[in-house]
Amino acid sequence: MPPGLRAILAAFGLLVGAGCAVAIAAPGDEEAIGPTAGPSITAPAADTIPPAGGPVIPVDGENGVNRSGKGDSRLVQSLFGRLFGGAAGDDAKKRALLAAYPGAFTIEGNEVVFPSGVRIVWDDRRQKTPAELLTQADVEDMFVYPYPLAREGAGAPPRLADPGRIRNEAFFRALYGGSQQAVAATVTRVPWVPALGGGAMTVTTRFGVAERLKRVSDDLERLPPQFHRYLAPPAGGFVWRAIAGTNRLSVHSFGAAVDINTAYSDYWQWDGQPEGGDIPFRNRIPLEIVEIFERHCFIWGGRWYHYDTMHFEYRPELIPACHR
Ligand SMILES: [Zn+2]
């Protein structure tokens, strides 16, 4: 993270005013049971405005599900855009994505092109509020919040910053499989901290995720005993289902996410918090555990303003050492 970014992010917290909210009261973490989502390929937006890094031009924020302080959050996106945006920033994001999933797709101009023929818009050039980013993300939007590594220390995420929680679902369907059956054909059971009685977790074999999770498990088993209680019993890997209270597919649907022991985990929805409201950060998971997952290219839900501290998902594009 560039020097001073934390300060800017802190300013972000001050800049974004009181967002109003729609309360979501469903129990469960990001992988909790909900309705199954249908396919969605992001279409290019007709109303194009300058991409991040350009001037902030007001647009009609009422298309879609804008439920939070839209004007302020656009300003924030512009700040991120100035830090990471422009043509150079765009190229860096494309390089990161290509290197993270080698051979899975190409990027031709403004489209991500899969061998299957699926083509997904890279950047729809719309500025979005945090709520819109969740439901209408293009592929480029997945980089909007920089992901801070565990070695950068603990701390509450900046207001509304959810690095890695912004996902283009069509992209993940194209990467891992577009149906429960398609993903199920790729998964395998990985012994989970067997020395600690953890049983097994089911994850995809795509992109070496299963092998990487095995290495995570091996490294976690070597931690001193005071860390063991966080790890087992695990709360699950592959399950085809939506995120609680939404119709968005969880990354658990693609076999690319796992949950550790819920007994020591915190989840914003369990704490009765509204999506756009003030959410006091809570976490009990030691960063030593997070660091091991990150070493093997899994990001942590404890880096999200909408925290989900049991949750880890394979997102090599967000961890520099994983896309070099
Ligand atoms: Zn999870």
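Basis of the calculations
Within every chain, residues take consecutive numbers counted from 1 along the sequence as written. Totals for whole chains, interfaces and linings use all residues, but because this is a predicted model, local features are given only for residues with pLDDT of at least 70 and pairs of side-chain atoms are given and counted only at 80 or more. Helix numbering and strand numbering both begin at the N terminus, where a helix is a DSSP run of H or I of at least 4 residues and a strand a DSSP run of E of at least 2. Defined on buried residues, the nonpolar core groups Ala, Val, Leu, Ile, Met, Phe, Trp, Tyr and Cys residues joined through C-beta atoms within 7 Å. For every residue, the other C-beta atoms within 10 Å of its own C-beta are counted; 20 or more classify it as buried, 12 or fewer as exposed, and values in between as partly exposed. C-beta atoms are placed from the backbone. Each residue is represented by a C-beta atom placed from its backbone, and any two residues with such atoms within 7 Å are regarded as in contact. Pairs of strands are assigned from DSSP output, requiring at least two bridges between the strands. In this analysis, axes come from line fits to C-alpha atoms, helices being fitted only over the stretch in contact, and the angle between any two N-to-C directions falls in the range 0 to 180 degrees.

**Q** Residue-level account of unusual backbone geometry, with values.
**A** The step from alanine 232 to proline 233 runs through a cis peptide bond, and the omega angle for that step is 0 degrees. Within the element layout of this structure, proline 233 appears in the loop between helix H7 (209–221) and strand S6 (257–259). A positive phi angle, close to 60 degrees, is found at arginine 125, a residue other than glycine. The topology assignment puts arginine 125 in the loop between strand S3 (119–121) and helix H4 (130–136).

**Q** So what's going on with the nonpolar core? Which residues, and what values?
**A** One finds Val203, Leu213, Ala256 and Phe293 to be the most contacted residues of the largest nonpolar core, which totals 40 residues. Mapped by element, the contributors of at least two residues to this core are strand S4 (187–191), strand S5 (200–204), H7, S6, helix H8 (287–295), strand S7 (298–300) and strand S8 (311–314). Counting residues per element, this core draws most heavily on H7, at five residues. Apart from residues no more than four positions distant in its own chain, alanine 256 is found in contact with Tyr176, Val203, Thr204, Val209, Val251, Glu313 and Tyr314. Core analysis: the second largest hydrophobic core is formed by 26 residues, Ile120, Val121, Tyr145 and Ala174 among them.

**Q** Would you mind going over the environment of threonine 246 in detail, with residue names and values included?
**A** Mapped onto the elements, threonine 246 comes out in the loop between H7 and S6. Along the backbone, threonine 246 and threonine 135 are 111 residues apart, and their C-alpha atoms lie at a distance of 9.4 Å.

**Q** Residues and numbers for H8, please.
**A** All of the buried residues in H8 are Ile289, Val290, Ile292, Phe293 and Glu294. Summarising the contacts, the buried residues of H8 are in contact with H7, S7 and S8. Cysteine 297 sits one or two residues past H8 and shows a positive phi near 80 degrees.

**Q** Break down the sheet that holds S8 for me, citing the residues and quoting the values.
**A** Spatially, the three strands line up as an open sheet ordered S6-S8-S7, and their pairing is antiparallel. With one partner strand each, in any of the chains shown, S6 and S7 form the two edges of the open sheet. Adjacent strand axes in the sheet meet at a mean angle of 25 degrees, parallel and antiparallel pairs treated alike. Two strands pair when backbone bridges link them, and S7 and S8 are joined in this way by three bridges, in the antiparallel orientation. Bridge assignment links tryptophan 300 to a residue of S8, and that residue is phenylalanine 312. Running over the sheet, H8 touches S7 and S8 and is turned about 145 degrees from S7.

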